[in-house]
Amino acid sequence: MLSADDKKIIAQLWEKVAGHQDEFGNEALQRMFVTYPQTKTYFPHFDVHPGSEQVRSHGKKVAAALGNAVKSLDNISQALSELSNLHAYNLRVDPANFKLLSQCFQAVLAVHLGKDYTPEMHAAFDKFLSAVAAVLAEKYR
Ligand code: ZNH
């Protein structure tokens, strides 16, 4: 699904993300909660206001999972296998929400990287996030 070129571009993009990973994860979540308020229903136990430590800490985990997947582009399914179990069997997040977080993460990249987030990167990273979402959704039944 990801071409050799896609993989190269995704790895290049992630080099730009490195160092801002936690911050980007946090901002993507904050943005998701504002843009798509229905996503907050999965986090009733969280303080979701701007500046929330819980959201910051969760953003760090989400970004780390994405970084982990970037390191395993040839086998994202294996790299995120535990997370896939968690989302399918425990959290039961409607998979439609994965696309919402993906969009928010891309908006964060565009805001921070500006012109450095090229259309080619956008295209490759969009495929990557779809692949991640597919893995997180693959065990639902
Ligand atoms: Zn999720 C959790 C990742 C999406 C909801 N996540 C989680 C974690 C991680 C993740 C890493 C942690 C785990 C542990 O701790 O072990 N996610 C992720 C990713 C993605 C996601 C990568 C995509 C891209 N999620 C999502 C969405 C939602 C969610 C969209 C909704 C809306 N998650 C969730 C929850 C949780 C999680 C609810 C749990 C939290 C707590 O802490 O409690």
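What you see as residue numbers is a count from 1 along each chain, following the sequence as written. The model is predicted, so local features are restricted to residues of pLDDT at least 70 and side-chain atom pairs to those at 80 or more, both for listing and for counting; the totals for chains, interfaces and linings are taken over all residues.

Under an unreviewed UniProt entry, the name given to the protein is Hemoglobin subunit alpha-D, and the organism recorded is Anser indicus. UniProt positions are given in the numbering used here, feature names are shortened, and annotations may be inferred rather than shown by experiment. Looking at the Subunit (unreviewed entry) heading of the UniProt record, one finds this comment for the protein: "Heterotetramer of two alpha-D chains and two beta chains." The annotation that UniProt attaches to the protein under Sequence similarities (unreviewed entry) is "Belongs to the globin family."

Chemist: Account for the overall build of the protein, naming residues and giving values.
Modeler: Counting secondary structure elements, the protein contains 7 helices and 0 strands. Strands are runs of DSSP state E lasting at least 2 residues, helices are runs of H or I lasting at least 4, and numbering of each runs from the N terminus. Reading the secondary structure of the protein in the N-to-C direction produces α-α-α-α-α-α-α. Against the compact-globule benchmark of 14 Å for 141 residues, the protein has a radius of gyration of 14 Å, which places it among compact chains. Projected onto the principal axes, the alpha-carbon positions of the protein cover approximately 40 × 35 × 20 Å. Classification of the 141 residues of the protein by burial places 28% in the buried group. For the protein, restricting intrachain contacts to residue pairs at least 6 apart in sequence, the fraction spanning at least 24 positions comes to 78%. Only the C-alpha atoms count toward the radius of gyration. The rule for a globule is 2.2 Å times the residue count to the power 0.38. Working definition of burial: number of other C-beta atoms within 10 Å of the residue's own, with buried at 20 or more, exposed at 12 or fewer, and partly exposed in between, all C-beta atoms being placed from the backbone. Contacts here follow a simple rule: the backbone-placed C-beta atoms of the two residues must lie within 7 Å.

Chemist: Just give me the short version of unusual backbone geometry, but keep the residues and values in it.
Modeler: Excluding glycine, most residues fall at negative phi; most peptide bonds, likewise, are trans. Backbone geometry places Arg-92, a non-glycine residue, at a positive phi of 50°. Its location among the elements puts Arg-92 in the loop between α5 (81-91) and α6 (96-113). The class for Arg-92 is exposed, based on 11 C-beta atoms found within 10 Å.

Chemist: Go over the UniProt feature "domain: Globin" (unreviewed entry) in the protein with me, naming the residues and quoting the values.
Modeler: When the UniProt feature table is mapped onto this chain numbering, "domain: Globin" (unreviewed entry) sits at residues 1-141. Helix makes up 71% of residues 1-141 and strand 0%. Its end C-alpha atoms lie 23 Å apart.

Chemist: Describe in detail the nonpolar core, supporting the description with residues and values.
Modeler: Definition of nonpolar core: a set of buried Ala, Val, Leu, Ile, Met, Phe, Trp, Tyr and Cys residues joined via C-beta atoms within 7 Å. The biggest cluster of nonpolar side chains holds 29 residues, and the ones touching the most others in it are Ile-10, Ala-28, Phe-105, Phe-125 and Val-132. For this core, the elements supplying multiple residues, two or more each, are α1 (4-17), α2 (21-35), α3 (53-71), α6 and α7 (119-137). A per-element tally of this core places α7 first, with 8 residues. Contacts of Phe-125, omitting those with residues within four sequence positions, involve Ile-10, Leu-13 and Gln-106.

Chemist: Pulling in residues and values, what's your account of the site of the ligand?
Modeler: The criterion for a residue being near a molecule or strand is simple: its C-beta atom, placed using the backbone, must lie within 6 Å of it. As a structural note, the neighbourhood of the ligand is formed by 19 residues, with Thr-39, Tyr-42, Ala-65, Asn-97 and Leu-101 the closest of them. Those elements that provide at least two residues to the shell around the ligand are α3, α5, α6 and α7. Of the residues forming the shell around the ligand, the biggest block, 5 residues, is contributed by α3. In this classification, Asp, Glu, Lys and Arg are treated as charged, Ala, Val, Leu, Ile, Met, Phe, Trp, Tyr, Cys and Pro as nonpolar, and every other residue, Gly included, as polar. Class assignment of the residues belonging to the shell around the ligand gives a composition of 13 nonpolar, 5 polar and 1 charged.

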